[in-house]
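Letter by letter, the chains look like this.
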Amino acid sequence: MNKIVLFLCEKFKKFDVQIQKIMKGSFKIYIGITMICAIILFTYLLYPNPMIFFIGISILKSCQFLIVFSVIYGFAFDKIQKQGY
C-alpha cells in the first residue's frame, strides 16, 4: 500500500499548479466537513437519537465520495491538459 501512496504523491506533484490549488482547496473543505460530521457522530454517543446518527453517516459518506471524486477529476483534467485539448 505504501507504494501506491508514493506513486499517487509523485503524480500529484507533476500536476499543473491550478489543478493542485483546486484539489488542495477541495480537500480542505471536505476534511473540514468531515470533522464537523465526526462531532455530529460524537453527539450521537451523548444523545442517542437515530436521526443524529443518520445525518452524520450520510454527510460522512458524501464527503468521502467527494474526496475520491475530486482526486479522479484531478487526474482526468491533468491528462486532458497534457494532451493539449
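Scroll up a little and you will see the structure.
Since the structure is predicted, the reported quantities are computational estimates derived from the model, not experimental observations.

**Structural notes on the overall build of the protein**
For step 1, the next point in the chain: Scanning the protein from terminus to terminus reveals three helices and zero strands.
For step 2, the next point in the chain: In the protein, the succession of helices and strands from N to C terminus is α-α-α.
For step 3, the next point in the chain: Taking 2.2 N^0.38 as the reference for a compact globule, 85 residues should give roughly 12 Å; the C-alpha atoms of the protein span a radius of gyration of 17 Å, well beyond that estimate.
For step 4, the next point in the chain: Overall, the protein is about 55 × 30 × 15 Å in size when its C-alpha atoms are taken along their principal axes.

**Concerning a nonpolar patch on the surface**
For step 1, the next point in the chain: On the surface, Phe65, Phe69, Tyr73, Phe77 and Ile80 cluster together into a nonpolar patch covering about 510 Å² of accessible area.
For step 2, the next point in the chain: Tracing the backbone shows Phe77 in helix 3 (residues 50-83).
For step 3, the next point in the chain: Since its relative accessible area comes to 49%, Phe77 is described here as partly exposed.

**Brief notes about the pattern of salt bridges**
For step 1, the next point in the chain: Counted under the stated rule, the structure contains two salt bridges.
For step 2, the next point in the chain: Note that Glu10 and Lys13 form a salt bridge whose closest N and O atoms lie 4.0 Å from each other. With Glu10 and Lys13 both in helix 1 (residues 2-13) and three residues apart, this pair spans about one turn of that helix.
For step 3, the next point in the chain: Owing to a relative accessible area of 44%, Glu10 belongs among the partly exposed residues under this scheme.
For step 4, the next point in the chain: Among the residues examined, Lys13 registers a relative accessible area of 60% and is labelled exposed.
For step 5, the next point in the chain: Its salt-bridge partner being Asp78, residue Lys82 comes within 3.3 Å of it at the nearest N-O pair. Of this pair, Lys82 and Asp78 both sit in helix 3, four residues apart, which is roughly one turn of the helix.

**Here's the deal with the packing of helix 2 (residues 17-46) against helix 3**
To characterise two packed helices, one gives the angle between the axes of the helices and the distance between these axes.
For step 1, the next point in the chain: The N-to-C vectors of helix 2 and helix 3 enclose an angle of 170°; their axes lie 8 Å apart at closest approach. Between helix 2 and helix 3, the crossing angle belongs to the class labelled roughly antiparallel.
For step 2, the next point in the chain: Tallied by class, residues from the contact of helix 2 with helix 3 come to 21 nonpolar, seven polar and one charged.

Reading guide: rules and limits
- Residues numbered from 1 in each chain as written.
- Predicted model: local features only at pLDDT ≥ 70, side-chain atom pairs only at ≥ 80, totals over all residues.
- Heavy atoms only, no water.
- Helix = DSSP H or I, 4+ residues; strand = E, 2+ residues; numbered from the N terminus.
- Rg over C-alpha atoms; globule rule 2.2 N^0.38 Å.
- Patch = residues over 30% accessible without salt bridge, like charges linked within 9 Å, V, L, I, M, F, W, Y side chains within 5 Å.
- Areas by Shrake-Rupley, 256 points an atom, 1.4 Å probe, with all protein chains shown as cover.
- Salt bridge = Lys/Arg side-chain N within 4 Å of Asp/Glu carboxyl O.
- Buried < 20%, exposed > 50% of the residue type's maximum accessible area, 1.4 Å probe, protein only.
- Axes fitted to C-alpha atoms, helices over the stretch in contact; angles between N-to-C directions.
- Parallel < 35°, antiparallel > 145°, perpendicular 65-115°, else oblique.
- Nonpolar A, V, L, I, M, F, W, Y, C, P; charged D, E, K, R; others polar.

Keep in mind these numbers describe shape, not what the thing actually does.
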